[in-house]
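# Breakdown of the fold
Listed below, chain by chain, are the residues.
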Amino acid sequence: MALSDFIINSKEATIGLDQIHLSPKNNKALSQLLKEFKHFEVLNKYKLPIDNKIFLFGHTGCGKTTTAKAIAKALDKKIIILNLGNFVSSRLGETAKNITEVFKKAARENAVLFLDEFDSIGKLRDHGDKDSAEMKRLVNTVIQLIDELPNNVLLIAATNHPAVIDTALLRRFQLKLQFELPNQEQLDAYYDSLLMQFPEAFCNVERVYNISYAEAKDITFSAVKNAIIEHEEHKAKENLQQKVKL
């Protein structure tokens, strides 16, 4: 397969960082990041490095991918998305070559490089001796690529399983942001933000808690769709009854 077959071009509309329900700690860290890139030239003049490597970890469905896209939007940069779960080849030497090309592409295009399922690199170390040796070489390649990453290119890696990732890789990331399940207050705010775009008649949603934002979104939209469909079918039935009377 061609390298382009592995790069994800999302057609989903990107929202702004201010629309994402970030924790105060994560919000503060990302605000600082954006300021550093905004003042890139003057910081570079004083030979001060930009924090351009971010590691996002935590529960699935809590906004890691959405946050990566929003960061790219805020920086007005193209985002290159690579899902390592699909990308890591059984021929690991080939994977090292391909991932090198992706890093080069990000550098050429002054882009944000988003490596999703970053744990795929770590998990494969649990295989046989040969695979472990090959994976070690791949990890070393990725470490070298990260170390040589131009200061103006932003690398974002995300995982739901941080414990399996090589510590030498983790040390390369200046920012490590954890995404946790939202509490009841945060979910209520999120439910409210989702429902405000619909007429009140369709907003009778049974709210579920101790779940991710993604799960809450699915529950909300499913309930709203059912309410709209029920309303339309009821209206169609009334119209048919009126026609019959005529």
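Because the structure is predicted, anything quoted here is derived from the model rather than measured. (Residues numbered from 1 in each chain as written. Predicted model: local features only at pLDDT ≥ 70, side-chain atom pairs only at ≥ 80, totals over all residues. Heavy atoms only, no water.)

## Looking at the packing of helix α1 (residues 24-38) against helix α3 (residues 64-75)
At a closest axis distance of 10 Å, the pairing of α1 and α3 adopts a crossing angle of 30 degrees. With respect to their mutual orientation, α1 and α3 come out roughly parallel. The handedness of the crossing between α1 and α3 is right-handed. Along its contact with α1, which presents L30, L33, L34 and F37, the element α3 presents T67, I71, A74 and L75. (Axes fitted to C-alpha atoms, helices over the stretch in contact; angles between N-to-C directions. Helix = DSSP H or I, 4+ residues; strand = E, 2+ residues; numbered from the N terminus. Parallel < 35°, antiparallel > 145°, perpendicular 65-115°, else oblique. Left-handed = near helix turned anticlockwise from the far one by under 90°. Contact = heavy atoms within 4.5 Å.)

## A few points about the pattern of salt bridges
One pass over the full model with this rule turns up seven salt bridges. The shortest N-O distance in the salt bridge between K78 and E109 comes to 2.8 Å. Pair noted here: K78 is in the loop between α3 and β3 (79-83) and E109 is in the loop between α5 (92-108) and β4 (112-116), with a separation of 31 residues, a long-range link. The partner of R172 in a salt bridge is D147, with the nearest N and O atoms 3.0 Å apart. With R172 in the loop between α8 (167-170) and β6 (175-179) and D147 in helix α7 (residues 129-147), this residue pair connects regions lying 25 residues apart in the sequence. Through salt bridges with shared partners, a single ionic network connects K78, K105 and E109. (Salt bridge = Lys/Arg side-chain N within 4 Å of Asp/Glu carboxyl O.)

## Here we look at unusual backbone geometry
Look at K47: it is not a glycine, yet its phi comes out positive at around 60 degrees. Take K47: it is sitting in the loop between α2 (40-45) and β2 (53-58). For K47, a relative accessible area of 73% puts it in the exposed group. The phi angle at N110 is positive, at roughly 50 degrees, despite the residue not being glycine. For N110, the position within the fold is in the loop between α5 and β4. (Buried < 20%, exposed > 50% of the residue type's maximum accessible area, 1.4 Å probe, protein only.)

## Thoughts on helix α10 (residues 213-245)
With 33 residues, α10 should reach 48 Å at 1.5 Å per residue; the first-to-last C-alpha distance of 48 Å fits that figure. Buried residues belonging to α10 abut α9 (184-195). (Expected span 1.5 Å × (residues − 1).)

## Concerning α9
Taking 1.5 Å as the rise per residue, α9 with twelve residues should run 16 Å; its terminal C-alpha atoms sit 16 Å apart, in good agreement. The complete set of buried residues in α9 reads L187, Y190, Y191, L194 and L195. Down the axis of α9, the smallest arc covering the buried residues is 125 degrees, so these residues share one side. Summarising the contacts, the buried residues of α9 are in contact with α10. Measuring from the side-chain oxygen of the N-cap residue of α9 to the backbone nitrogen of E185 gives 3.2 Å; that N-cap residue is N183. (Arc of directions from axis to C-beta. Polar contact = N/O pair within 3.5 Å; in protein donor to acceptor, adjacent residues only side chain to side chain.)

## Re a nonpolar patch on the surface
A cluster of nonpolar side chains, contributed by V42, Y46 and L48, occupies part of the molecular surface with about 310 Å² of accessible area. Among the structural elements, Y46 can be located in the loop between α2 and β2. (Patch = residues over 30% accessible without salt bridge, like charges linked within 9 Å, V, L, I, M, F, W, Y side chains within 5 Å. Areas by Shrake-Rupley, 256 points an atom, 1.4 Å probe, with all protein chains shown as cover.)

## Overview of the nonpolar core
Counting residues in each nonpolar core, the largest one holds 34 residues, and the members touching the most others are L84, I99, F103, F118 and L169. Elements supplying a minimum of two residues to this core: β2, β3, α4 (84-87), α5, β4, α7, β5 (154-159) and α8. Of the residues forming this core, the biggest block, seven residues, is contributed by α7. Look past the residues within four positions of L169 in its chain and what remains in contact with it is F118, I121, V139, V142, I143 and I146. (Core = buried A, V, L, I, M, F, W, Y, C linked by side-chain atoms within 4.5 Å.)

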